[in-house]
Amino acid sequence: MAISLGLLPNQVSETDLKVTATTETTGVIVKESAPVTIKVTPFESDVTLYLIGDATAGNWDNIAGNINMYPLLGNKNAPTQFSYTGYFKVGGFKMVKEKGNWDDQYGFDSEGKLSTSGGSGNISVETEGYYKLSIDVAKMTYTLEPITAPTSSYATVGIIGDATPNGWDGSTAMTKSTFDSNVWYLETTLGAGEVKFRADNAWAVNWGSDNGYFGTATQDGPNIRVEAGDYIIYFNDSTGAYTLIKK
């Protein structure tokens, strides 16, 4: 909630707070407290899950520098739930918490069930195509549902904003995935400020969000506020899903 109000993660900020009480037993009575100024340090979950397997862009190359291990999208309202929408080849896959490390992995236990065992199986993809993967690491469940393939992608997608290398004067180009043409990624350094995504170096198609470092960006949405640092950025131009991972 603090981040949605414009406060930056991991930085101390001041905000005003008041309490409103309403009773409706015999007529409506509303009482408001005097505002109180408090200091808030917002934070975001650092839990990220990555796809790995020969059904995915990253194949089985579980190394820290494998930028093709795409992240699942977190859910701010349900922190144990993650999803990924995109292309899968015929083969198998798992999820890991940390690139280059097999200790925290989620694989196949039985149909619809996950296992964290090092001997867990692969979740199978029998037919190549586009799917929505949904998992819950608390319930240890998953679903993998086929979806209609996106009808188009864009020639270019980039980031723009006063936090980006080119400021508001021009887009910083992202790299289009050769595995899934709707997925884009970029390693870059950002300053403290704001970021948006846009297509074809123009404002006709642009995406933004007030969800912070991960969420679903929408057409003409608000600017994404970030703190300074080195980032790996992922964006899906079909779903609007994005993740900014601070290195």
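**Thoughts on the overall build of the protein chain**
Turning to step 1, where the next piece is worked out: Secondary structure assignment for the protein chain yields 0 helices and 24 strands.
Turning to step 2, where the next piece is worked out: The buried share of the protein chain, taken over its 247 residues, is 44%.
Turning to step 3, where the next piece is worked out: Long-range contacts, defined here as pairs at least 24 residues apart, represent 61% of the contacts in the protein chain between residues at least 6 apart.
Turning to step 4, where the next piece is worked out: When the accessible surface of the protein chain is totalled, it reaches about 12,600 Å², and 49% of it is carbon and sulfur.

**Notes on the nonpolar core**
Turning to step 1, where the next piece is worked out: Counting 33 residues, the largest nonpolar core has Leu72, Phe93, Met95 and Ile135 as the members making the most contacts within it.
Turning to step 2, where the next piece is worked out: Elements represented by at least two residues in this core include exactly strand S5 (50–52), strand S7 (81–88), strand S8 (91–96), strand S11 (123–125), strand S12 (129–136), strand S17 (183–190) and strand S23 (229–236).
Turning to step 3, where the next piece is worked out: Setting aside anything within four residues of it in sequence, one finds Met95 in contact with Tyr50, Leu51, Leu72, Asp104, Gln105, Tyr106, Leu114, Ile123, Leu133 and Ile135.
Turning to step 4, where the next piece is worked out: Counting 20 residues, the second largest nonpolar core, distinct from the first, contains Ile159, Leu190, Tyr231 and Phe235.

**Observations regarding the sheet that holds strand S16 (residues 175–176)**
Turning to step 1, where the next piece is worked out: Ordered in space as S16-S17-S23-S24-S20, the 5 strands form an open sheet in which the pairing is antiparallel. In the strand order of this sheet, the two ends are held by S16 and strand S20 (214–216), each with one partner.
Turning to step 2, where the next piece is worked out: The sheet contact formed by S23 and strand S24 (residues 241–246) spans 5 bridges and is antiparallel. Looking at S24, one finds that Ile232 is bridged to Ile245.

**Considerations on the side chain of Thr172**
Turning to step 1, where the next piece is worked out: Tracing the backbone through its elements, the reader meets Thr172 in strand S15 (residues 172–173).
Turning to step 2, where the next piece is worked out: With relative accessibility at 13%, the residue Thr172 sits in the buried group.
Turning to step 3, where the next piece is worked out: Among the polar contacts made by the side chain of Thr172, one reaches the side chain of Asn166 at a distance of 3.4 Å.
Turning to step 4, where the next piece is worked out: Here Thr172 is in contact with Gly158, Ile159, Thr164, Pro165, Asn166 and Leu186, once residues within four sequence places are set aside.

Analysis parameters
- Residues numbered from 1 in each chain as written.
- Predicted model: local features only at pLDDT ≥ 70, side-chain atom pairs only at ≥ 80, totals over all residues.
- Heavy atoms only, no water.
- Helix = DSSP H or I, 4+ residues; strand = E, 2+ residues; numbered from the N terminus.
- Buried < 20%, exposed > 50% of the residue type's maximum accessible area, 1.4 Å probe, protein only.
- Contact = heavy atoms within 4.5 Å.
- Areas by Shrake-Rupley, 256 points an atom, 1.4 Å probe, with all protein chains shown as cover.
- Core = buried A, V, L, I, M, F, W, Y, C linked by side-chain atoms within 4.5 Å.
- Pairing = 2+ DSSP bridges.
- Polar contact = N/O pair within 3.5 Å; in protein donor to acceptor, adjacent residues only side chain to side chain.

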